[in-house]
Amino acid sequence: MKLLVTGGAGFIGSNFILYMMQQHPDYQIVNMDALTYAGNLENLKSVENEPKYSFVHADIADKEAVDRIFQQGIDVVVNFAAESHVDRSILEPEVFVNTNVLGTQVLLDASKKYGVTKYVQVSTDEVYGSLGETGLFSETTPLAPNSPYSASKAGGDLLVRAYHETFGLPVNVTRCSNNYGPYQFPEKLIPLMISRALNNDPLPVYGDGLNIRDWLYVEDHCSAIDLVIHKGRVGEVYNIGGNNERTNLHIVQTILRELGKPESLITYVEDRPGHDRRYGIDPTKITKELGWQPKYHFESGIKETIQWYLDNKDWWTRIQSGAYRDYLDRQYGNR
Ligand code: NAD
Ligand code: DAU
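What you see is a predicted model, and the numbers here were worked out from it, not measured in a lab.

Rules of the game
By convention here, each chain's residues receive numbers from 1 onward along its written sequence. Note on labels: chains are lettered from A, ligands numbered from 1, in written order. Only residues with pLDDT of 70 or above have their local features reported here, since the model is predicted, and side-chain atom pairs are shown and tallied only from 80 upward, although totals for entire chains, interfaces and linings are computed over all residues. Note on conventions: DSSP H or I runs of at least 4 residues are helices, E runs of at least 2 residues are strands, and numbering of each starts at the N terminus. Our radius of gyration is a C-alpha quantity, and the globule rule it is checked against amounts to 2.2 Å times the number of residues to the power 0.38. Exposure criterion: with C-beta atoms placed from backbone coordinates, a residue whose C-beta has 20 or more other C-beta atoms within 10 Å is buried, one with 12 or fewer is exposed, and one in between is partly exposed. In this description, a residue-residue contact is defined by the distance between C-beta atoms placed from the backbone, which must lie within 7 Å. Axis lines are fitted through C-alpha atoms, for helices just across the contact stretch, and the angle between N-to-C directions can take any value from 0 to 180 degrees. Any angle between 65 and 115 degrees counts as roughly perpendicular, while under 35 counts as roughly parallel, over 145 as roughly antiparallel, and the rest as oblique. Here is the rule for handedness: rotate from the far helix to the near one, and if that takes an anticlockwise turn smaller than a right angle the crossing is left-handed, while a clockwise turn gives right-handed. Defined on buried residues, the nonpolar core groups Ala, Val, Leu, Ile, Met, Phe, Trp, Tyr and Cys residues joined through C-beta atoms within 7 Å. The criterion for a residue being near a molecule or strand is a backbone-placed C-beta atom within 6 Å of that molecule or strand. The nonpolar class holds Ala, Val, Leu, Ile, Met, Phe, Trp, Tyr, Cys and Pro. Asp, Glu, Lys and Arg form the charged class, and all remaining residues, Gly among them, are polar. Paired strands, in this sense, are two strands between which DSSP finds at least two bridges. UniProt positions are given in the numbering used here, feature names are shortened, and annotations may be inferred rather than shown by experiment.

1. Notes on the overall build of the protein chain
Part 1: Assigned secondary structure in the protein chain consists of 12 helices and 13 strands.
Part 2: In summary, the protein chain has a C-alpha radius of gyration of 19 Å against a globular reference of 20 Å for 335 residues, a match within 12%.
Part 3: Over its C-alpha atoms, taken along the principal directions, the protein chain stretches across nearly 55 × 50 × 35 Å.
Part 4: Counting over 335 residues, the protein chain shows a buried share of 45%.
Part 5: At a minimum sequence separation of 6, the contacts of the protein chain that also span at least 24 residues come to 83%.

2. Some thoughts on the packing of helix H4 (residues 94–114) against helix H5 (residues 148–167)
Part 1: The geometry of H4 relative to H5 is characterised by a closest axis approach of 8 Å and an angle of 15 degrees between their N-to-C directions. Judged by the inter-axis angle, H4 sits roughly parallel to H5. Seen along the crossing, H4 lies across H5 with a hand that is right-handed. Listed contacts from H5 to Phe-96, Val-97, Asn-100, Val-101, Thr-104, Gln-105, Leu-108 and Lys-112 of H4 are Pro-148, Tyr-149, Ser-152, Lys-153, Gly-155, Gly-156, Leu-159, Val-160, Tyr-163 and Phe-167.

3. Looking at helix H6 (residues 189–198)
Part 1: Among all positions in H6, only Leu-189, Ile-190, Pro-191, Met-193, Ile-194 and Ala-197 are buried.
Part 2: Along its buried surface, H6 packs onto strand S7 (179–180), strand S8 (203–206), helix H8 (248–259), helix H10 (298–311) and helix H11 (313–321).

4. Section: the nonpolar core
Part 1: Residues Val-78 and Ile-225 are the most contacted members of the largest nonpolar core, which totals 82 residues.
Part 2: When sequence neighbours within four positions are dropped, the list of residues in contact with Ile-225 reads Phe-16, Val-78, Val-120, Val-122 and Thr-174.

5. So, the environment of Asp-75
Part 1: Within the secondary structure layout, Asp-75 lies in the loop between helix H2 (63–71) and strand S4 (76–79).
Part 2: For the pair Asp-75 and Ser-111, spaced 36 residues apart in sequence, the C-alpha separation works out to 9.1 Å.
Part 3: With near-sequence residues (within four places) excluded, Asp-75 lies in contact with Met-1, Lys-2, Leu-3, Val-116 and Thr-117.

6. Overview of the site of ligand 1
Part 1: Of all residues adjacent to ligand 1, which total 30 residues, the nearest are Gly-7, Gly-10, Ala-38, Gly-39 and Ala-82.
Part 2: Mapped by element, the contributors of at least two residues to the shell around ligand 1 are helix H1 (11–23), H4 and strand S5 (118–124).
Part 3: For the shell around ligand 1, the element with the most residues is H1, which contributes three residues.
Part 4: In the shell around ligand 1, the residues fall into 14 nonpolar, 12 polar and four charged.

7. Some remarks on the site of ligand 2
Part 1: Taken together, 19 residues sit near ligand 2, with Ser-84, Thr-124, Lys-188, Leu-189 and Tyr-206 positioned nearest.
Part 2: Of the residues assigned to the shell around ligand 2, the class counts are seven nonpolar, seven polar and five charged.

8. Side note on the pairing of strand S11 (residues 237–240)
Part 1: Alternating positions in S11 separate into two faces, Val-237 and Asn-239 on one and Tyr-238 and Ile-240 on the other, with burial throughout.
Part 2: Sheet analysis places strand S6 (residues 171–176) next to S11, joined by four bridges and oriented parallel. In the sheet register, Val-173 faces S11, and the bridge partner there is Val-237.

9. Observations regarding the environment of Ile-319
Part 1: Position of Ile-319 relative to the elements: it lies in helix H11.
Part 2: Distance in space between the C-alpha atoms of Ile-319 and Tyr-37 is 9.0 Å, their sequence separation being 282 residues.

10. Some details on unusual backbone geometry
Part 1: Its identity as a non-glycine residue notwithstanding, Asn-200 has a phi of 60 degrees, on the positive side.
Part 2: Its location among the elements puts Asn-200 in the loop between H6 and S8.
Part 3: By the C-beta count within 10 Å, which is 9 here, Asn-200 ends up exposed.

11. Notes on the UniProt feature "domain: NAD(P)-binding" (unreviewed entry) in the protein chain
Part 1: Residues annotated by UniProt as "domain: NAD(P)-binding" (unreviewed entry) correspond here to residues 4–305.
Part 2: Each end of residues 4–305 is marked by a C-alpha atom, and these two atoms are 28 Å apart; helix forms 40% of the span and strand 18%.

12. Overview of the sheet that holds strand S1 (residues 2–6)
Part 1: Read from one edge to the other, the open sheet built from seven strands follows the order S3-S2-S1-S4-S5-S6-S11, with strand pairing classed as parallel. The two strands at the open ends of the sheet, each matched to only one other strand, are strand S3 (53–57) and S11. Each strand of the sheet is rotated relative to its neighbour by a mean of 20 degrees, with strand direction disregarded.
Part 2: Taken together, the four bridges between S1 and S4 define a ladder with parallel strand orientation. Along S4, the bridge assignment pairs Val-5 with Val-78.

13. A few points about the environment of Leu-136
Part 1: Position of Leu-136 relative to the elements: it lies in the loop between S5 and H5.
Part 2: Between the C-alpha atom of Leu-136 and that of Asp-282, which follows or precedes it by 146 residues, the distance is 5.5 Å.
Part 3: When near neighbours in sequence (up to four residues on either side) are disregarded, Leu-136 contacts Gly-280, Ile-281 and Asp-282.

14. Brief notes about the packing of H1 against helix H7 (residues 218–231)
Part 1: Relative to each other, H1 and H7 sit at 60 degrees, their axes nearing to 9 Å. Overall, the two elements H1 and H7 adopt an arrangement that is oblique. In the crossing of H1 with H7, the sense of the turn from one axis to the other is right-handed. Taking contact as the criterion, the partners of Ile-12, Asn-15, Phe-16, Tyr-19, Met-20 and Gln-23 in H1 are, on H7, Val-218, Glu-219, His-221, Cys-222, Ile-225 and Asp-226.

Printed below as a string of structure tokens:
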């Protein structure tokens, strides 16, 4: 099996490649990534010389580059490549549409032209918008995205659906809740708060801090996608979530407690525009149909994650200083 993983140098994509190389050592994995600010090949240093792994530096919206990769013969595509940060989408929506919508369409066209056995689009619960105090997102919840990020992801999802309905492309869409774990870029809530707390910097909590996210350990997301590739019914959407709803304030307080830092570091700042109040996933379909079960409980997962950031301070300080770009230049020159 030859697997094309796009966005494999990012947080979830790199965890997924490491996971798949362990679970399926016979698979050939091609990682295609544009290496935006969020792409970091250091995450994959342990496998970079493995014969079953290769890296191509390219943009998913670049038709010629994508075509060249598909000419090698790709069996399955898992599309993680995206602009992924809501706050950045509020500042600069255009790049979100280019990658998340047009890039998806380019991948779909190549998948159709060359024929793949499965195309998996890694999407997000944010396409469903915001929940009130009760209820959960199911696969039939209407799409109601509120940020340029989630609108662009919804656009990608709808193209995937259309390529299945119109051209018969064998697709799945997965919609996952907030991931956490190793190698998450320190702009996202958990690594941002860990790194700032360790530096005794103020922790910026948006609004009243009572917005709720449904947290899933990244390895559990990877095992779900593995199941969807192999067992997902063609044309279906699968929601992925671990029943771990927590307020942002609870997350920040947990991090401070674990690090032995004072709550006086918490600083309430202006709310994110269009800030979704609550996400919560109903994972019944993937658990019943595909037998997926998350392994991690939030309480142990967050402790492991905090420990990882303590043990890998060099990794995130290099990112913050931009020094990992030097590594890329050394490794890949002008590729
Ligand atoms: P990330 O920002 O950490 O990584 C994104 C990767 O995509 C980076 O390596 C980047 O270089 C690459 N990339 C960006 N634009 C590209 C382009 N035009 N061509 C090729 N590569 C490009 O993101 P993440 O948190 O790992 O998220 C991965 C996917 O999972 C995204 O599609 C995101 O929408 C989805 N998702 C994320 C979460 C989460 O909590 N992080 C939850 C649900 C779904
Ligand atoms: O739900 C899945 C989504 O989760 C993914 O699709 C996105 O790619 C991913 O970035 C994430 O989006 P969120 O907006 O939920 O994640 P973020 O880490 O940016 O914020 C989590 C919550 O914390 C949110 O309610 C905003 C709040 N927050 C965030 C930051 C960065 C703060 O209060 N302060 C902050 O500084």
